[in-house]
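Close look at the chain arrangement
Here are the chains, one letter per residue:
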Amino acid sequence: MTERTPTGFKCLNCGKIHYPRHGRCLECKQREFEEVNLPSEGTLITFTQLKAPPSGIDSRSLFLGIIDLGEVRYTGQIEVEDIGKLHTGMKLTPHWKHVRTIDNRSVSGFVWLPS
Ligand SMILES: [Zn+2]
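Within each chain, residue numbers correspond to sequence positions counted from 1 in written order. At least 70 in pLDDT is required for a residue's local features to be given in this predicted model, at least 80 for side-chain atom pairs to be given and counted, and no such filter applies to totals for whole chains, interfaces and linings, which use all residues.

Examining the overall build of the chain
Short version of the rule: Under the DSSP-based scheme used, a helix requires at least four consecutive residues in state H or I and a strand at least two consecutive residues in state E, with every element numbered from the N terminus. Counting other C-beta atoms within 10 Å of each residue's C-beta, where C-beta atoms are placed from the backbone, gives the exposure class: buried for 20 or more, exposed for 12 or fewer, partly exposed between. Contacts are defined on C-beta atoms placed from the backbone: any two residues whose C-beta positions lie within 7 Å are in contact.
When you go through the chain residue by residue, the secondary structure sums to zero helices and eight strands. Of the regular secondary structure in the chain, the N- to C-terminal order runs β-β-β-β-β-β-β-β. Taking the principal axes of its C-alpha atoms as reference, the chain extends roughly 45 × 35 × 25 Å. The burial tally for the chain puts 20% of its 115 residues in the buried class. Intrachain contacts of the chain at a sequence separation of at least 6 include 43% that bridge at least 24 residues.

Right, here's the structure in full:
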């Protein structure tokens, strides 16, 4: 695991922050953004267990949650032993790691763990 935090994309016109990046601002449709650091900790709003993950994912199920990062909310993968370890309002921290294998290549992404 590597220490790294998600990068948000702030619209230069209206200031709305996007994560992940969009081609156009969801608010004003402009295309110019600047990169901003997002918080290194988020709050779990809601979650679910995916029991049929896409191919290339090693585990038989995974947890997805909507994570509040202050100015943005996004859907992320959460790593815990079982769903009983998850509760709304808990704090989560992003970790950059292998998430999936596509065409024999390792693909990394953020996985959120309890803080
Ligand atoms: Zn905008």
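A short note on the pairing of strand E1 (residues 7-11)
To be explicit about the condition: Two strands qualify as a pair provided DSSP detects at least 2 bridges between them.
In this sheet, strand E3 (residues 33-37) lies alongside E1 in antiparallel orientation, the contact comprising five bridges. Counterpart to Gly8 in the pairing with E3 is Val36. When E1 meets strand E2 (residues 17-18), the two strands line up antiparallel, connected through two bridges. When the sheet's bridge partners are listed, Lys10 is paired in E2 with Ile17. Here E1 folds back onto E2, and the loop between the two strands holds five residues, one of which, Gly15, carries a positive phi near 90°.

Focus on the sheet that holds E3
Taken together, three strands build an open sheet; the order of strands is E2-E1-E3 and the sheet is antiparallel. Of all the strands in the sheet, just E2 and E3 have a single pairing partner and so form its edges.

Comments concerning the pairing of strand E4 (residues 42-50)
Bridging between E4 and strand E7 (residues 91-102) involves two bridges; their strand directions are antiparallel. Its bridge partner being in E7, Thr43 is matched across the sheet by Lys91. Sheet topology places E4 next to strand E5 (residues 62-68); seven bridges connect them, and they run antiparallel. By the bridge assignment for E5, Thr43 is matched with Asp68.

Digging into the sheet that holds strand E6 (residues 73-78)
Filter applied, for reference: Here the axes come from fitting lines to C-alpha atoms, over the contacting stretch only for helices, and the angles between their N-to-C directions go from 0 to 180 degrees.
The mixed closed barrel is built from five strands, whose spatial order is E4-E5-E6-E8-E7. Across the sheet, the axes of successive neighbouring strands diverge by a mean angle of 40°, strand direction being ignored.

Topic: the environment of Ser61
Mapped onto the secondary structure, Ser61 falls in the loop between E4 and E5. Sequence-wise, Ser61 and Lys91 are 30 residues apart; in three dimensions their C-alpha atoms are separated by 22 Å. For Ser61, the residues in contact, after removing those within four places along its chain, are Gln49, Leu50, Lys51 and Pro53.

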